[in-house]
Amino acid sequence: MVECRAVFPCFLVSLVSFVSLVPPIARAMKITNARVIVCCPGRNFVTLKIETDQGLAGIGDATLNGRELSVASYLSEHVIPCLIGRDAHQIEDIWQYLYKGAYWRRGPVTMSAIAAVDTALWDLKAKAAGLPLYQLLGGKSRTGVMVYGHANGSDIEQTVDEVLRYVEAGYQAIRAQSGVPGLDKVYGVGKGRLFYEPADADLPSEHDWSSEKYLRHTPRLFERIREKIGFEPHLLHDVHHRLTPIEAARLGKALEPCQLFWMEDATPAENQQAFRLIRQHTTTPLAVGEVFNTIWDCKELIENQLIDYIRSTVVHAGGITHLRRIADLAALYQVRTGCHGATDLSPVCMGAALHFDIWVPNFGIQEYMHHTEETDAVFPHSYRFERGMLYPGDSAGHGVEIDEALAAKYPYQRAYLPVNRQQHDGTLWSW
Ligand SMILES: O=C(O)C(=O)C[C@H](O)[C@H](O)CO
Ligand SMILES: [Mg+2]
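Residues numbered from 1 in each chain as written. Chains lettered and ligands numbered in written order. Predicted model: local features only at pLDDT ≥ 70, side-chain atom pairs only at ≥ 80, totals over all residues. Heavy atoms only, no water.

Asks: It is not clear to me how the coordination of the magnesium ion (ligand 2) should be interpreted in this structure. Could you clarify?
Replies: Within the protein, the magnesium ion (ligand 2) binds to Asp238 (OD), Glu264 (OE) and Glu290 (OE); these donor distances fall in the range 2.0 to 2.3 Å. Look at where the donors of the magnesium ion (ligand 2) fall in the sequence and you get D-x25-E-x25-E. In this pair, aspartate 238 is assigned in strand E8 (residues 234–238) and glutamate 264 in strand E9 (residues 262–264), connecting sequence segments 26 residues apart. For the pair formed by aspartate 238 and glutamate 264, the shared burial category is buried. (Donors = N, O, S within 2.8 Å, 3.2 Å for Na, K, Ca; no water. Helix = DSSP H or I, 4+ residues; strand = E, 2+ residues; numbered from the N terminus. Buried < 20%, exposed > 50% of the residue type's maximum accessible area, 1.4 Å probe, protein only.)

Structure representation (structure tokens):
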């Protein structure tokens, strides 16, 4: 008894000194609060903020263009109650809990919600470690992230002028889209010069489409651009899911002399085997995947080497945890990444994607469209753009924050993506 009483205080003392030696990153970090912030600084964004008992907060993007409130509600009603009290460090377990635990797997709403949690947790872990997120992933594999910008014009000459502007600004890669004679509105051709925003207020607008007109026009666009700028800058093009496989094969073949970096979303990809037909006919590199949300959407495309670039990104594909899995599968087949980066992905997604890009061994390119000044003010960030490259910055976490007071000044406004109809008979088509 006497011995025991003497030992007990010593044990307590050593326990206390042991705990104080444990670095913060190795201690449990209890989630105490989480909330969804919906705002519209020029366009709608949904952001998840997670707070912990260590006084740290992490944020993740949950924006699903045109269906924003479904993810906001999924998070508030179904996910947040399950997060409170969990250890924020258990990123993998929480991912599996939300994916397997829902019973209903996959889908853009579920996977965007999981992505938001995952991004916020990686942000928190990196903040707890006092490191930029890319360090936790394995460090930098390159000095910066090559991006492509968007040049668009209402006709060929206007698009050529836009391409030249991007070349002068130092871009090494440029996506070119042009209006098509005889079509009213064409995907990718916006009103503004720096950003393209397809979502319309209130109800979806209707566009018209003719594959024949588009197929006659597009090879001429790229021939003209190459005549003007030569073969040094990379050129990209987005078909935006509008062609049948054999039409896509025809376009890919016609574009071969122009040596594109990629032809994107040449045909809808629900049927992954559709890409086999395109592949059999053309050596134009193929990119796909911005609408994918899990590895299962691209498994056959990757394993059969039917594509060259996988376009999935953090917010719609289950966060960094799942995107990393997709990239690792892709690496086995020399498929490289080309993360989606349109303006409907918030700066929070862009920040996280840049940490991923600077690490991922099989990086290809990153899409980059400028956000509006209002958006940049709501989401202060450490990433920066310089002559065709983006750099994630070295602040702890993913380097993007949200100014909640400012966000509250921009309430949600219902907006939809357009729909598309065949010009000759009004049949609903892919937009
Ligand atoms: O950026 C791209 O390549 C796109 O295709 C943009 C999409 O139309 C947009 O993100 C839809 O919300
Ligand atoms: Mg696209």
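Now that the structure is up, let's keep going.
Asks: Looking at this structure, how should I read the packing of helix H11 (residues 319–332) against helix H12 (residues 347–359)?
Replies: Geometry of a packed helix pair, given as the angle between the helix axes and the separation of the axes. Running from N to C, H11 and H12 cross one another at 30°; their axes reach a closest spacing of 11 Å. Comparing the axis directions of H11 and H12 gives the class roughly parallel. The two elements H11 and H12 meet at a crossing, and its hand is right-handed. Residues Ile320, Leu323, Arg324 and Ala327 of H11 form the contact with H12, whose own contacting residues are Ala352, Phe356 and Trp359. Of the residues contributing to the contact of H11 with H12, the split by class is 6 nonpolar, no polar and 1 charged. (Axes fitted to C-alpha atoms, helices over the stretch in contact; angles between N-to-C directions. Parallel < 35°, antiparallel > 145°, perpendicular 65-115°, else oblique. Left-handed = near helix turned anticlockwise from the far one by under 90°. Contact = heavy atoms within 4.5 Å. Nonpolar A, V, L, I, M, F, W, Y, C, P; charged D, E, K, R; others polar.)

Asks: I'm lost on the domain arrangement of the protein in this one. Help?
Replies: Think of interface size as the accessible area that goes away when the parts come together; that is how it is often given. Split into domains, the protein comes out as domain 1 (24–133) and domain 2 (136–394). Put simply, the middle of domain 1 and the middle of domain 2, counted by C-alpha atoms, are 27 Å apart. Opposite the 33 residues of domain 1 that make contact, domain 2 presents 34 residues. Summing the contributions of domain 1 and of domain 2, the shared interface buries around 2,700 Å²; its carbon and sulfur component is 62%. Per-residue buried area on domain 1 facing domain 2 is highest for Asp61, Trp122 and Leu133; these three make up 23% of the total on that side. Here domain 1 and domain 2 share 3 salt bridges between them. One salt bridge in this structure joins glutamate 92 and arginine 325, with 3.1 Å as the shortest N-O distance. Taken together, domain 1 and domain 2 are joined by 16 residue pairs in polar contact (both at pLDDT 80 or more). Of all the secondary-structure elements, those providing two or more residues to the side of domain 1 that touches domain 2 are strand E2 (45–52), strand E3 (57–61), helix H3 (91–101) and helix H4 (108–129). Here the side of domain 1 that touches domain 2 gets 11 residues from one element, more than from any other, and that element is H4. (Domains from an automatic or database assignment. Buried area = accessible area lost by both parts, 1.4 Å probe. Salt bridge = Lys/Arg side-chain N within 4 Å of Asp/Glu carboxyl O. Polar contact = N/O pair within 3.5 Å; in protein donor to acceptor, adjacent residues only side chain to side chain.)

Asks: Please explain the pattern of salt bridges as it appears in this structure.
Replies: Pairing between side chains becomes possible if they bear opposite charge and their charged atoms approach one another. The full count for this structure, using the stated rule, is 20 salt bridges. Among the salt bridges present, the one from arginine 421 reaches glutamate 206, with a minimum N-O distance of 2.7 Å. Within this pair, whereas arginine 421 is found in strand E17 (residues 419–422), its partner glutamate 206 is found in strand E7 (residues 206–209), the two being separated by 215 residues in sequence. With relative accessibility at 29%, the residue arginine 421 sits in the partly exposed group. Measuring nitrogen to oxygen at the nearest pair gives 2.4 Å for the salt bridge that ties glutamate 386 to arginine 384. The exposure class of glutamate 386 is partly exposed, given its relative accessible area of 43%. Residue classification places arginine 384 among the partly exposed positions, given a relative accessible area of 43%.

Asks: I'm lost on the packing of aromatic side chains in this one. Help?
Replies: Any two aromatic rings considered together are summarised by their centre-to-centre distance and by the angle between their planes. Tallying each qualifying case throughout the model produces 13 aromatic pairs. A centroid spacing of 4.9 Å and a plane angle of 20° characterise the contact between tryptophan 95 and tyrosine 99, whose relative ring orientation is stacked. Here the residue tryptophan 95 and the residue tyrosine 99 both occupy positions in helix H3, the gap between them amounting to 4 residues, near one helical turn. The two residues tryptophan 95 and tyrosine 99 agree in class, both being buried. The interplanar angle of 25° and the centroid separation of 4.9 Å between the aromatic rings of phenylalanine 261 and tyrosine 309 together place this pair among those described as stacked. Placement of the pair is phenylalanine 261 in the loop between helix H8 (245–255) and E9 and tyrosine 309 in strand E11 (residues 309–310), with a sequence separation of 48 residues. Taken as a pair, phenylalanine 261 and tyrosine 309 share a single burial class, namely buried. Through pairs of rings, three or more aromatic residues link up here, namely Tyr148, Phe261, Trp262 and Tyr309. (Phe/Tyr/Trp six-rings, centres within 6.5 Å; stacked < 30°, edge-to-face > 60°.)

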